[in-house]
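Observations on the model geometry
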Amino acid sequence: MKHYDVAVIGGGHAGVEAAAAAARMGSSVILVTMRQSDIGALSCNPAIGGLGKGHLVREIDALDGVMSRLADRAGIQFRLLNRRKGPAVRGPRAQMDRRRYREASWDAMRTYRGVDIVFGTVTDLLQVNGRVQGIRLDEGQEINCAATILTTGTFLNATIHIGDVSRSAGRWGDGASTGLADALHRLSLPLGRLKTGTPPRLDGATIDWAALEMQPGDADPSLFSYLSTGPEMPQISCGITHTNEVTHQIIRDNLARSAMYGGHIAGRGPRYCPSIEDKIVRFADKTSHQIFLEPEGVDETSVYPNGISTSLPEDVQDEYVRSIRGLEQVRILQPGYAVEYDYVDPTCLDNSLAVRSVPGLFLAGQINGTTGYEEAAAQGLVAGINAAIGAAGKAPTFFSRSESYIGVMIDDLVTHGVSEPYRMFTSRAEFRLTLRADNADQRLTPFGITLGCVGDARRDAFEKRQLAYVEARAKAEMTLMTPSELNRLGIQVRKDGKARSVFALLGLQEMDDIEVQSKIPLLTSISDDTLAQLRNDALYDQYTDRQDRDVAALKQHENLLLPQDMDFLSLGGLSGELSRKLDERRPKNLAEAAKIEGMTPAALTLLIASVRFGQ
Ligand code: FAD
């Protein structure tokens, strides 16, 4: 029997990142997945990043992961979301050339040092004295390993639904993973059922693009990797169109035929990413919904209509899609569908993503109740690092909430579990002023270097960037400008007669980078990259003290009692979702409220104010 330190089952985003991380840590790794085309498959939206998700990709990059560089290689439209808001909540996002992403992933993984790849289906886990020490493939082959990571995505006992037609499959054109689901039952892991959906794919040659508003990417693309220098692919624009009252009527008339509303699906789907039939029912007063028409590649005819995922029958999909401007003559290449699958309740895991009751077994990705490529990849990275550490007989490592979105996500999962597919949002992080996408390397690369998951090229690039930053910051902090100098240069500050350091002036948002550099000579020798970093740090320097105080206040009020008759539903400032959850669960004190899934620091502060001051 062959032996590896770490076996990774599944070559999706979690599996790729897990295998690569374990190998960087020095483990011998076998990655078993059903087919070569699994590696780098973007099953749904051909896009990486976004709000919260972009932060995760930058953190993966800071730890020398692969997703960020693959996304930069395959990106065909880069946009920094929330550009008008503060840097802390800006999210880099890019649309991918689906084929290029897959090719780049395969290229990266087939040559990844320390990783062997086998195509096949794992049907069982081999245990010795309760510890998982190997895997069995469908043709009977057995592989021995010290640690095993399951990253089987939506495949466990999966069923796909289109209207009232259902069949066993984890994804369009794939099979399901039933043998492994049985193995998890035998291990008595707590399983639940979730669902997600995808829209029909459209033939771009049959879209009337001239009738549509077009949206280009950013002129100055924000890449994901600190090591990338620029996009490699030609850049494209997306089309924008809208549903209308006719579309909504067609959907309303056929609701009972949708898999979801026809009662064929029991699993819960993501409420923040509703299907088009959900939108029509839940937001009945809206007469239109926006749709982005995203080409799936530069040489691809297939277009992804973002915003109309569905489980309606194919004839209804045809009819409603054609009622939309620009899509009157459209041809559907692949129908939309919903997929229902088993997930493992992640509260059975510890913060290293190890299953507490089954030594040697780690879980990462959608199997843990999350949704999204980035969430999957980030978990894969953590499981890969810890499986390698475990295989070497050392103590696990954890990511803290105060240092990374990765830490926030894992803590949320293992502490609260999920009641719907979990997706990252910036609002989930209580320390979001310091957990920015732009400073992911400062927060995590040193930790990665210590752990051993960061290679030489990354370490050298980081140290060079960091040196430039530290020198520039020291100069900026030490150089003081007097009120008369400020006045002469026309820099507006509070008239308190005090000198200001250049660093403090960098936090003034009224001046753009060009103005700042032209008025403060010290800054002309600083690179754009370092200047941007300094400006973001200077801006948040003023607020991080307050953030620290808020966190301390939350800790201090953990035992604050919440009145049993508290009217959460009419408490202003809370999201509808949180009001409902609070109303249903009726937490006794603030500590219990804090444990509710999706609870935010801002909402907790509101509860404190409401109890203490009756606001
Ligand atoms: P996957 O990418 O699913 O990879 C799992 C891999 O495991 C597959 O390659 C499979 O072949 C392999 N595998 C499974 N069982 C075995 C076995 N027994 N042996 C060997 N290999 C095995 N995300 C969003 O963010 N938004 C969405 O709207 C969205 N909609 C989606 C709609 C659909 C229909 C699907 C299928 C997915 C959707 N996703 C969406 C989710 C996104 O695709 C996943 O979150 C992400 O790909 C999960 O990554 P993963 O690595 O956990 O699993």
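Model, not experiment: these values are computed from the prediction.

A look at the overall build of the protein chain
Regarding its fold elements, the protein chain presents 19 helices and 22 strands. What you see for the protein chain is a C-alpha radius of gyration of 25 Å, in line with the 25 Å of a compact globule of 615 residues. Looking at the protein chain as a whole, 48% of its 615 residues qualify as buried. Excluding contacts between residues fewer than 6 apart, the proportion of contacts in the protein chain whose partners are at least 24 apart in sequence is 73%.

Observations concerning the site of the ligand
Around the ligand, a shell composed of 35 residues is seen, among which G10, G12, D38, G153 and G365 lie nearest. Elements with a minimum of two residues in the shell around the ligand: α1 (13-24), β2 (29-33), β12 (191-198) and α9 (373-391).

Remarks on helix α3 (residues 67-74)
Of all the 8 residues making up α3, 8 are buried; the element is thus mostly covered by neighbouring parts of the structure. Taken together, the buried positions of α3 are M67, S68, R69, L70, A71, D72, R73 and A74.

Concerning the sheet that holds strand β15 (residues 238-242)
The sheet built from 6 strands is open, its strands ordered β14-β15-β16-β17-β13-β18 with antiparallel pairing. Each edge of the open sheet is held by one strand with a lone partner, namely β14 (213-215) and β18 (332-334). With strand direction ignored, the average angle separating the axes of adjacent strands in the sheet is 40°.

Observations regarding the pairing of strand β17 (residues 302-306)
Pairing of strand β13 (residues 201-203) with β17 involves 2 bridges; the strand directions are antiparallel. Looking across to β17, one finds that L202 is bridged to V303. The pairing of strand β16 (residues 290-295) with β17 spans 4 bridges and is classified as antiparallel. Bridge pairing in β17 links L293 to P305. In this antiparallel pair of consecutive strands, β16 and β17, the connection spans 6 residues.

Focus on the sheet that holds strand β4 (residues 75-81)
Strands sit in the order β3-β5-β4 across an open sheet of 3 strands; the sheet is antiparallel. The open sheet has two edge strands with one neighbour each: β3 (47-49) and β4. Between one strand axis and the next, the sheet turns through 20° on average, direction left out of account. In the sheet, β4 pairs with strand β5 (residues 91-96) via 6 bridges, with the strands oriented antiparallel. When the sheet's bridge partners are listed, G75 is paired in β5 with M96.

Observations regarding the UniProt feature "binding site: FAD" (unreviewed entry) in the protein chain
In the numbering adopted here, UniProt assigns the feature "binding site: FAD" (unreviewed entry) to G10, G11, G12, H13, A14, G15, V122, S177 and Q366. With near-sequence residues (within four places) excluded, G10 lies in contact with G15, T33, L150, T151, T152 and G153. As for its placement among the helices and strands, G11 is situated in the loop between β1 (2-9) and α1. Judged by the 29 C-beta atoms lying within 10 Å of it, G11 is buried. What G11 contacts, discounting residues up to four positions off in sequence, is V16, L31, T33, D38 and I39.

Considering the pairing of strand β8 (residues 131-137)
Bridging between strand β7 (residues 122-128) and β8 involves 6 bridges; their strand directions are antiparallel. Residue pairing in the sheet places V128 in a bridge with R131 of β8. Between β7 and β8, which pair antiparallel and follow one another directly, the connecting turn spans 2 residues, one of which, N129, has a positive phi of 50°. Bridge analysis of β8 against strand β9 (residues 142-150) gives 3 bridges, and the strand direction is antiparallel. Looking at the pairing, R136 lines up with E142 of β9. Turn length for the β8-β9 hairpin, with the two strands adjacent in sequence and antiparallel, is 4 residues, and the turn residue G140 shows positive phi of about 95°.

Concerning the confidence of the model for the protein chain
Per-residue confidence for the protein chain gives a mean pLDDT of 91; residues scoring 70 or more make up 99%. Taken over the whole predicted complex, pTM reads 0.89, whereas the ipTM for its chain interfaces reads 0.96.

Comments concerning the nonpolar core
Ranked by size, the top nonpolar core spans 119 residues in total, and within it V6 and I149 carry the most contacts. Beyond its immediate sequence surroundings of up to four residues, V6 is in contact with A22, S27, V29, C145, A146, A147, I149, A387, A388 and A391.

A look at the environment of G576
With respect to the helices and strands, the residue G576 is situated in helix α17 (residues 576-585). When the 8 C-beta atoms within 10 Å are taken as the criterion, G576 is described as exposed. Separated by 378 residues in the primary sequence, G576 and T198 place their C-alpha atoms 26 Å from one another.

Observations regarding the environment of E485
Tracing the backbone through its elements, the reader meets E485 in helix α13 (residues 483-489). Sequence separation of E485 and A499 is 14 residues, and the distance between their C-alpha atoms is 9.1 Å.

Quick notes on unusual backbone geometry
Positive phi outside glycine occurs at D64, with the angle close to 70°. Within the secondary structure layout, D64 lies in the loop between α2 (53-62) and α3. Of the residues examined, D64 has 27 C-beta atoms within 10 Å and is grouped as buried.

Observations regarding α2
Among the 10 residues in α2, 10 count as buried, and that is most of the element. K53, G54, H55, L56, V57, R58, E59, I60, D61 and A62 are the residues of α2 that are buried. Just past α2, the residue D64 takes up positive phi, approximately 70°.

Considerations on the packing of α2 against α9
For any two helices packed against each other, the geometry comes down to the angle between their axes and how far apart the axes lie. Between α2 and α9, the shortest axis-to-axis distance is 9 Å and the interhelical angle comes to 30°. In terms of orientation, α2 and α9 fall into the roughly parallel class. Judged by the twist between their axes, the crossing of α2 over α9 is left-handed. Here α2 contributes K53, L56, V57, E59 and I60 to the contact with α9, which in turn contributes E374, E375, A377, A378 and L381. When the residues that make up the contact of α2 with α9 are grouped by side-chain class, the tally is 6 nonpolar, no polar and 4 charged.

Description of the environment of L191
Tracing the chain through its elements places L191 in strand β12. Separated by 178 residues in sequence, L191 and G369 place their C-alpha atoms 9.9 Å apart. Those residues within four positions of L191 in sequence are excluded, and the remaining contacts are L184, H185, D342 and V344.

Quick notes on the rules
Residues numbered from 1 in each chain as written. Predicted model: local features only at pLDDT ≥ 70, side-chain atom pairs only at ≥ 80, totals over all residues. Helix = DSSP H or I, 4+ residues; strand = E, 2+ residues; numbered from the N terminus. Rg over C-alpha atoms; globule rule 2.2 N^0.38 Å. Buried ≥ 20, exposed ≤ 12 C-beta atoms within 10 Å, placed from the backbone. Contact = placed C-beta atoms within 7 Å. Near = placed C-beta within 6 Å. Pairing = 2+ DSSP bridges. Axes fitted to C-alpha atoms, helices over the stretch in contact; angles between N-to-C directions. UniProt positions renumbered as here; feature names shortened; annotations may be inferred. pLDDT = per-residue confidence, 0-100. Core = buried A, V, L, I, M, F, W, Y, C linked by C-beta atoms within 7 Å. Parallel < 35°, antiparallel > 145°, perpendicular 65-115°, else oblique. Left-handed = near helix turned anticlockwise from the far one by under 90°. Nonpolar A, V, L, I, M, F, W, Y, C, P; charged D, E, K, R; others polar.

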